[in-house]
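# Coordinate analysis (summary)
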Amino acid sequence: MNPQAKLISTTSLLLGTSITISSNHWMTAWIGLEINTLAILPLISKTHHPRAVEASTKYFLTQATASTLLLFASMINAWFSGQWDITQLTHPMSCMLLTVAISIKLGLVPFHFWFPEVLQGSTMTTCLLLATIMKFPPITLFYLTSPSLNSTLLTSMAIASAALGGWMGLNQTQTRKVLAFSSIAHLGWMTIILNYDPNLTLITFYLYTVTTSAIFLILNTTNTLKLSTVMTTWTKIPPLTTIFMLTLLSLAGLPPLTGFLPKWLIIQELTKQELTATATAISLLSLLGLFFYLRLAYCATITLPPNFTNYMKQWQTNKPTNPLTTIFTSLSIMLLPLSPMVLTIS
């Protein structure tokens, strides 16, 4: 890709995200989301592969639909209340349309179908952007409008996302699709607590971003796209593969790793709100995700390829390790003891 074009796309991506998360008016938030959508399309289709073109087409159509619904919701609210302020969402129809629009943008169940396919057609770096930065503006809009949203609808979608994200990830052999369904399952955890403690939604998103970024950077360093290729990464960079296993377990939410912190806080808050059945259900559904994280970790660190390969094994990768990989992996493994400080800052 042309360096100037990549610079323009990256700058536009940061600009669109900044406009949306700092806006107070529905029109500026919508403009920021549109800039984001148009900026990421060249990055998705830059490989000129038919699957990449298909992914960019699917992404454009779904995001355009979601943006239309969001604009429609804000116009209905302005028509009945005279308010364009994001926090003044009062009309029930606007609340419903906004929930649907943001759910499409995020990839929540039942509007999740586009997300795994788009990630499968993109490069690892673009997948990292789609799974982290591109979700920040919609999560911010959810955060700002959380008092107006229907808690029953959000809880139902959250439970469905956690269930389907874990269930569909079980039989995947492509690492990008595994991480796509992992993202859907984590969105369920973020959504379920949105009405009761929106700050916890943001904490969960931040920690999910750190852990997922570490995993994508490690997979990009070792050039791993399939589960069968994961089995050969041990010979390339053994220390990095060990860290990869710990990062996967952190994403699964096992103590004493960082990923345990948001799940612990969410279960605690749901129990305080006397939603014990909901907390139990989403905790049990997280076991589905734990299975495929353990399978990935097992393939990466314990097993060797079951058959002889037709190419010479690469003992050291030629790609230098990104400094960000070290930072994100350290944060995704060792942040749990600092949880009082994280809660104080939030």
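What counts as what
Each chain carries its own residue numbering, running from 1 in the direction its sequence is written. Only residues with pLDDT of 70 or above have their local features reported here, since the model is predicted, and side-chain atom pairs are shown and tallied only from 80 upward, although totals for entire chains, interfaces and linings are computed over all residues. Here the side-chain values reflect all heavy atoms present in the structure, with hydrogen atoms and water set aside. Here a helix means four or more residues in a row that DSSP labels H or I, a strand means two or more in a row labelled E, and each is numbered from the N terminus. We take the radius of gyration over the C-alpha atoms and set the globule estimate at 2.2 Å times the residue count to the 0.38 power. Think of it in three bands: with a 1.4 Å probe and only protein chains considered, a residue is buried below 20% of the maximum accessible area for its type, exposed above 50%, and partly exposed in between. Only heavy atoms matter for contacts: two residues are in contact if any of them lie within 4.5 Å across the pair. Residue burial considers only the protein chains on display, and all accessible areas are found by Shrake-Rupley using a 1.4 Å probe. His residues and chain termini do not enter the charge count, which takes Lys and Arg as positive and Asp and Glu as negative. For charged residues, the charge sits on one atom: NZ in Lys, CZ in Arg, CG in Asp, CD in Glu. Criterion for a disulfide: a pair of cysteine sulfur atoms within 2.5 Å. Salt bridge, as used here: a side-chain nitrogen of Lys or Arg that lies within 4 Å of a carboxyl oxygen of Asp or Glu. Buried Ala, Val, Leu, Ile, Met, Phe, Trp, Tyr and Cys residues that are joined via side-chain atoms within 4.5 Å together make up what is termed a nonpolar core. Only Phe, Tyr and Trp rings take part, Trp by its six-membered ring, and two of them pair if their centres are within 6.5 Å. Stacked means planes under 30 degrees apart, edge-to-face means over 60, and tilted covers everything else. Working rule: Lys NZ or Arg CZ, within 6 Å of ring centre, within 35 degrees of ring normal, means a charge sits over the ring. Two joining distances apply to patches: 9 Å for like charges and 5 Å for nonpolar side chains (Val, Leu, Ile, Met, Phe, Trp, Tyr), and every residue must have over 30% relative accessible area and no salt bridge. Only protein atoms enter the calculation, which uses a 1 Å grid: trapped sets of points that fit a 1.4 Å probe without letting it out are cavities, open sets showing protein on both sides within 12 Å along at least five of seven lines are pockets, and any residue with an atom within 4 Å of a point is a lining residue. Grid points are joined across faces, edges and corners, and a volume is the space filled by probe spheres set on the points. UniProt positions are given in the numbering used here, feature names are shortened, and annotations may be inferred rather than shown by experiment.

### Points about the overall build of the protein
Helix and strand counts for the protein stand at 16 helices and 0 strands. Expected size for 346 residues packed as a compact globule is a radius of gyration near 20 Å; at 20 Å, the protein falls within 12% of this value. Across its three principal axes, the protein shows a C-alpha extent of roughly 70 × 50 × 35 Å. In the protein, which comprises 346 residues, the share counted as buried stands at 53%. Sequence separation of at least 24 residues holds for 78% of the intrachain contacts in the protein that already meet a minimum separation of 6. When the accessible area of the protein is evaluated, it comes to approximately 15,400 Å², of which 70% is carbon and sulfur surface. Distance between charge centroids for the protein: 21 Å, based on 15 positive and 7 negative side chains.

### Some points on the state of the cysteines
Under the criterion given, the structure shown has 0 disulfides. Here C127 stays unpaired: no disulfide links it, and the sulfur of C299, its closest cysteine neighbor, is 19 Å away. Here C127 falls in the buried class, since its relative accessible area comes to 0%.

### Some remarks on the pattern of salt bridges
For side chains bearing opposite charge, pairing can occur when the charged atoms are close. Throughout the structure, instances matching the rule amount to 2 salt bridges. We note a salt bridge from E54 to K58, for which the minimum N-O separation is 2.8 Å. Residue E54 and its partner K58 are located together in helix 3 (residues 50-81), separated by 4 residues, close to a single helical turn. Between K177 and E117 there is a salt bridge, with the nearest N and O atoms lying 3.4 Å from each other. With K177 in helix 9 (residues 175-192) and E117 in helix 5 (residues 114-120), the pair connects residues that are 60 residues apart, well separated along the chain.

### Points about the environment of L119
Inspection of the secondary structure assignment puts L119 in helix 5. Considering only alpha carbons, one finds L119 and L129, 10 residues apart in sequence, at a separation of 10 Å.

### With respect to the nonpolar core
Core analysis: the biggest nonpolar cluster contains 74 residues, and I40 and Y59 have the highest contact counts within it. Once residues lying within four places of it in the same chain are set aside, the contact partners of Y59 are T37, I40, L41, I44, W114, V118, L130 and M134. One finds W189, L207, L265 and L270 within the second-largest nonpolar core, a separate group that totals 18 residues.

### So, the packing of aromatic side chains
The relative placement of two aromatic rings is captured by the distance of their centres and the angle of their planes. Tallied over the entire structure, the rule returns 7 aromatic pairs. Between F136 and F205, the ring centres sit 5.6 Å apart and the planes meet at 10 degrees, which makes this aromatic pair stacked. Of the two residues, F136 sits in helix 7 (residues 136-145) while F205 sits in helix 10 (residues 198-222), which places them 69 residues apart along the sequence. For F205, a relative accessible area of 3% corresponds to the buried category. For K135, the ring lying beneath its charged end belongs to F115, and the centroid distance is 3.9 Å.

### A few points about a nonpolar patch on the surface
Together, L38, F60 and L61 line one region of the surface with nonpolar side chains, adding up to about 300 Å² of accessible area. Here L61 shows up in helix 3.

### Brief notes about unusual backbone geometry
With an omega of 10 degrees, the peptide bond between V109 and P110 qualifies as cis. Of the consecutive residues P255 and P256, the connecting peptide bond is found in the cis state with omega at 5 degrees. Here P256 is to be found in the loop between helix 12 (238-252) and helix 13 (260-272). You will see that E274, though not glycine, has its phi angle at about 60 degrees, which is positive. Relative to the helices and strands, E274 is located in the loop between helix 13 and helix 14 (276-301). Overall, the relative accessible area of 71% leaves E274 in the exposed class.

### A closer look at empty space enclosed by the protein
Counting across every chain of the model gives 5 cavities of 30 Å³ or more. One number sums up the size of the largest cavity: a volume of about 110 Å³. What lines the largest cavity is a set of 13 residues, and nearest its centre among them are Y59, Q63, K105, M134 and P138. Within the residue set of the lining of the largest cavity, elements represented by two or more residues are helix 2 (26-44), helix 3, helix 5 and helix 7.

### Side note on the UniProt feature "transmembrane region" (unreviewed entry) in the protein
The UniProt entry lists residues 59-79, 91-115, 151-171, 178-196, 202-219, 240-261, 281-304 and 324-345 under the feature "transmembrane region" (unreviewed entry), expressed in the numbering used here. Across residues 59-79, the secondary structure splits into 100% helix and 0% strand, with the terminal C-alpha atoms separated by 30 Å. Segment residues 178-196 splits into 79% helix and 0% strand. End C-alpha atoms: 29 Å apart.

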